[in-house]
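Reading the structure
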Amino acid sequence: MNNEETLTGSCLCGECKYAITSELKHFFHCHCIQCQKMTASAFAANIIAVPTKINWLSGEENIKRFDYPERDFTQVFCMNCGSGLPFLDGRGELLFIPTGTLDNVPKIKPEANIYWTERAKWYEHGITAPRQDACDNM
Ligand SMILES: [Zn+2]
Ligand SMILES: [Zn+2]
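One structure accompanies this document, and this report is about it. (Residues numbered from 1 in each chain as written. Chains lettered and ligands numbered in written order. Predicted model: local features only at pLDDT ≥ 70, side-chain atom pairs only at ≥ 80, totals over all residues. Heavy atoms only, no water.)

Moving on: the nonpolar core. By size, the foremost hydrophobic cluster in this structure holds 23 residues, and its most contacted members are Tyr18, Leu24, Ile47, Leu85 and Ile97. Residue assignment for this core shows that the elements contributing at least two residues are strand S2 (17–30), strand S3 (44–50), strand S6 (74–78) and strand S8 (95–98). The element best represented in this core is S2, accounting for five residues. In contact with isoleucine 97, not counting residues within four places along its chain, are Leu7, Tyr18, Ile20, Leu24, Ala45, Asn46, Ile47, Ala49, Pro86 and Leu102. Of all hydrophobic cores here, the second largest spans five residues; its members include Cys30, Cys32, Ala44 and Phe73. (Core = buried A, V, L, I, M, F, W, Y, C linked by side-chain atoms within 4.5 Å. Buried < 20%, exposed > 50% of the residue type's maximum accessible area, 1.4 Å probe, protein only. Helix = DSSP H or I, 4+ residues; strand = E, 2+ residues; numbered from the N terminus. Contact = heavy atoms within 4.5 Å.)

Below you can see the structure in the form of structure tokens.
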């Protein structure tokens, strides 16, 4: 059965926009040290999909790719605003879609927290901290 779904997304400044029609295979929250650095946050939320075609609707010329030398690990981002964007892995076999860039809601839901032992020491405290709609206590 073909499970294809179309996802659309964009960077923060709006220069880069994409549409992807792929079979969504996995949805992971990755807590590895590299993902913490790359996202400047607690973890990376990524959907992994095939086939690997990204249809750039705009801004493809503003994209930069960084391949981490010590591991098959990549960051693609908008050179204007720094937001992460979808990319193909080093072998060109899998498509990684940073879920925070999506402008629609995928049917797939997170299935695992991977590299859990490397998680940020403050991550679980953040989950249980009080929830509020805006930041009114700075
Ligand atoms: Zn941008
Ligand atoms: Zn990771």
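Glancing now at the coordination of the zinc ion (ligand 2). Ideal donor angles around a metal are set by the shape: a four-donor tetrahedron calls for 109.5 degrees, a six-donor octahedron for 90 or 180 degrees. For the zinc ion (ligand 2), the protein coordination sphere consists of Cys30 (SG), Cys32 (SG) and Cys35 (SG), at 2.1 to 2.2 Å. Here the donor residues of the zinc ion (ligand 2) share one chain and are spaced in sequence as C-x1-C-x2-C. You can call cysteine 30 buried: its relative accessible area is 7%. (Donors = N, O, S within 2.8 Å, 3.2 Å for Na, K, Ca; no water.)

Turning our attention to the coordination of the zinc ion (ligand 1). Binding of the zinc ion (ligand 1) to the protein goes through Cys11 (SG), Cys13 (SG), Cys78 (SG) and Cys81 (SG), at separations of 2.3 to 2.4 Å. Around the zinc ion (ligand 1), the four donor atoms are arranged such that angles at the metal cover 103 to 112°; this shape is classified as tetrahedral. Here the donor residues for the zinc ion (ligand 1) map to a single chain with the spacing C-x1-C-x64-C-x2-C. Overall, cysteine 13 belongs to the partly exposed group, its relative accessible area being 34%. (Tetrahedral: all angles 85-135°; square planar, octahedral: opposite > 155°, others 65-115°.)

A few words now on the packing of aromatic side chains. The geometry of an aromatic ring pair is captured by the separation of the ring centres together with the interplanar angle, meaning the angle of the planes. The full count for this structure, using the stated rule, is five aromatic pairs. Relative to tryptophan 56, the ring of tyrosine 18 lies with its centre 6.0 Å away and its plane at 75°, an arrangement referred to as edge-to-face. Of the two residues, tyrosine 18 sits in strand S2 while tryptophan 56 sits in strand S4 (residues 55–58), which places them 38 residues apart along the sequence. As far as the burial class goes, tyrosine 18 and tryptophan 56 line up, both buried. Among the aromatic side chains, those forming a connected cluster through ring pairs are Phe43, Trp116 and Tyr123. It is arginine 71 that lies over the ring of tyrosine 115; its NZ or CZ is 5.2 Å from the centre. (Phe/Tyr/Trp six-rings, centres within 6.5 Å; stacked < 30°, edge-to-face > 60°. Lys NZ or Arg CZ within 6 Å of the ring centre and 35° of its normal.)

Its location among the elements puts isoleucine 20 in strand S2. Spatially, the C-alpha atom of isoleucine 20 lies 26 Å from that of lysine 37, the residues being 17 residues apart in sequence. Apart from residues lying up to four places away in sequence, isoleucine 20 is in contact with Glu5, Thr6, Leu7, Lys53, Ile54, Pro86, Leu95 and Ile97.

The next subject is the side chain of serine 83. You can see serine 83 is positioned in the loop between S6 and strand S7 (87–88). A polar contact of 3.0 Å, which involves the side chain of serine 83, links it to the backbone nitrogen of leucine 12. Those residues within four positions of serine 83 in sequence are excluded, and the remaining contacts are Cys11, Leu12, Val76, Phe77 and Cys78. (Polar contact = N/O pair within 3.5 Å; in protein donor to acceptor, adjacent residues only side chain to side chain.)

Attention now moves to the environment of glycine 126. Here glycine 126 is to be found in helix H2 (residues 123–128). For glycine 126, a relative accessible area of 45% puts it in the partly exposed group. On a C-alpha basis, the gap between glycine 126 and alanine 42 in space is 9.6 Å, while along the polypeptide they are 84 residues apart.

Such coordinate-based values are descriptive only and should not be taken to indicate function.
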